[in-house]
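# Notes for the structure review
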Amino acid sequence: VGMTRDDWPEWARERGSRVHLACQYLDEGELDWSSVGPDIDGRVRSWERWKVEAGVEIIEAERFVWSKEHGYIGRLDRILRDRKGEALADLKSSNAPDPATAVQTVLYGRAYFEETGKMLRRLGVHLDPDGGLPRVETYTDVGDWTAALAALRGVNWRAKHGRGDRGEGERA
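These remarks concern the structure in this document. (Residues numbered from 1 in each chain as written. Predicted model: local features only at pLDDT ≥ 70, side-chain atom pairs only at ≥ 80, totals over all residues. Heavy atoms only, no water.)

### Brief notes about the packing of aromatic side chains
Selection rule: The rule is short: rings of Phe, Tyr and Trp, with Trp giving its six-membered ring, pair when the centres are within 6.5 Å, and they are stacked under 30 degrees, edge-to-face over 60, tilted in between. Helical segments are the DSSP runs of H or I of at least four residues, strand segments are the runs of E of at least two, and each set is numbered from the N terminus. Type-normalised accessible area, obtained with a 1.4 Å probe on protein chains alone, sets the label of each residue: buried when under 20%, exposed when over 50%, and partly exposed for intermediate values.
Overall, the coordinates contain 1 aromatic pair when judged by the stated rule. Residues Trp47 and Trp50 carry aromatic rings whose centres are separated by 5.7 Å and whose planes lie at 35° to one another, so their mutual orientation is tilted. Of the two residues, Trp47 and Trp50 both sit in helix 2 (residues 38-53), 3 residues apart, roughly one turn of that helix. Here Trp47 matches Trp50 in class, with each residue buried.

Right under this line is the structure:
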């Protein structure tokens, strides 16, 4: 989609990638716990604990989705089934919820809908660094789609026209 968080420090993005990979191996039954570093162990255990306590069954993981209608591609983290039915879940290794997750998940959800005809609940699963239950947010605001389209239009405009910034001393 081209809307990644470049303002996150490199170490945080790298940690998030390792958390995602470890959770994927866990979901596939292939995780070697001795390979999990202490800086991500709690978050991976948080995912494991939530799956058990919420009765989660993983349907798909790390699926690429493409919106032909709106011209974007993304990789959603999980399609799962829990006690409430099917949902699209985005795993987050940051400690604080980010409102941008609502926009991210609505874009994934729309592309998934275009491909499958299924509209899913959207979840942000904020993994606990100490291994406790994660904070799970359900996104239902109908305005998320409007915000996503505006952000997408901005990204596409910048890709087509450049940043549009004017250097110091430059005249219009």
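So, next bit.
### Description of the packing of helix 1 (residues 10-27) against helix 2
Applied cut-off: Between N-to-C directions, angles cover 0 to 180 degrees, with each direction set by a line fitted to C-alpha atoms, over the stretch in contact for helices. Should an angle lie under 35 degrees it is considered roughly parallel, over 145 roughly antiparallel, and from 65 to 115 roughly perpendicular; all remaining angles are considered oblique. By convention the crossing between two helices is left-handed if the near helix lies anticlockwise of the far one by an angle smaller than a right angle, and right-handed if it lies clockwise. Every residue pair with non-hydrogen atoms within 4.5 Å of one another is taken to be in contact.
Direction vectors running N to C along helix 1 and helix 2 enclose 40°, while the axes themselves pass 9 Å from each other. Looking at the two axes, helix 1 sits oblique to helix 2. Remark: the crossing between helix 1 and helix 2 carries right-handed chirality. Mapping the contact onto sequence places Arg15, Arg18, Val19, Ala22, Cys23, Leu26 and Asp27 in helix 1 and Asp39, Ile40, Arg43, Val44, Trp47, Glu48 and Lys51 in helix 2.

### Details of the pairing of strand 2 (residues 72-82)
To be explicit about the condition: Strands pair, by our definition, only if DSSP identifies at least two bridges between them.
The element strand 2 is largely enclosed, with a buried count of 8 among its 11 residues. Examined bridge by bridge, strand 1 (residues 57-67) and strand 2 share 9 bridges and lie antiparallel to one another. Bridge assignment links Arg63 to a residue of strand 2, and that residue is Leu76. Hairpin connection, strand 1 to strand 2: the antiparallel pair is bridged by 4 residues, and Gly71 has positive phi, about 70°. Note that strand 2 and strand 3 (residues 85-92) share 5 bridges and pair antiparallel. Looking at the pairing, Ile79 lines up with Leu88 of strand 3. The loop that links strand 2 with its antiparallel partner strand 3 comprises 2 residues.

### Brief notes about the sheet that holds strand 4 (residues 121-126)
What the 5 strands build is an open sheet, ordered 1-2-3-4-5; its pairing is mixed. Lying at the two open borders of the sheet, with one neighbouring strand each, are strand 1 and strand 5 (135-139). For this sheet, the mean angle separating the axes of adjacent strands, direction not counted, is 35°. Taken strand by strand, helix 3 (residues 100-116) contacts strand 1, strand 2, strand 3, strand 4 and strand 5, and its axis lies near 85° from that of strand 1.

### What about helix 1?
Applied cut-off: Expected span of a helix, by definition, is 1.5 Å for each gap between consecutive residues, and there is one gap fewer than residues.
In this model helix 1 runs 26 Å from its N-terminal to its C-terminal C-alpha over 18 residues, within 8% of the 26 Å that 1.5 Å per residue would give. Those residues of helix 1 that sit buried are Ala12, Arg15, Gly16, Val19, His20, Ala22, Cys23, Leu26 and Asp27. In this fold, the buried residues of helix 1 make contact with helix 2, strand 1, strand 2 and strand 3. Immediately beyond the C-terminal end of helix 1, within one or two residues, lies Gly29, with a positive phi of roughly 75°.

### Looking at a nonpolar patch on the surface
Definition in use: Two joining distances apply to patches: 9 Å for like charges and 5 Å for nonpolar side chains (Val, Leu, Ile, Met, Phe, Trp, Tyr), and every residue must have over 30% relative accessible area and no salt bridge. Computed with a 1.4 Å probe, the accessible areas rest on the Shrake-Rupley method; for each residue, only the protein chains presented here act as cover. Every case where a carboxyl oxygen of Asp or Glu lies within 4 Å of a side-chain nitrogen of Lys or Arg is listed as a salt bridge.
Taken together, the side chains of Phe64, Trp66 and Ile73 present a nonpolar region at the surface, about 350 Å² in accessible area. By secondary structure assignment, the location of Ile73 is in strand 2.

### Concerning the pairing of strand 3
Heads up, the condition is: We call a crossover right-handed when, viewed with both strands directed away from the observer, the connection leading from the first strand over the helix to the second proceeds clockwise.
Most of strand 3 sits out of view: 6 of its 8 residues are buried. Pairing analysis gives 6 bridges linking strand 3 to strand 4, with the strands arranged parallel. If you follow Ala87 over to strand 4, its bridge partner there is Arg121. As for the winding sense of the linkage, the β-α-β connection from strand 3 through helix 3 to strand 4 is right-handed.

### Focus: the side chain of Ser46
Our working definition: Pairs of N or O atoms within 3.5 Å make up the polar contacts considered here, provided that, within protein, one atom can donate a hydrogen while the other can accept it, and that residues adjacent in sequence are counted only when both atoms are side-chain atoms.
With respect to the helices and strands, Ser46 occurs in helix 2. A relative accessible area of 0% means that Ser46 is categorised as buried. Of note is the side chain of Ser46, whose polar atom sits 3.0 Å from the backbone nitrogen of Asp128. Discounting chain neighbours no more than four positions away, the residues touching Ser46 are Leu127, Asp128, Gly131, Gly132, Leu133 and Pro134.

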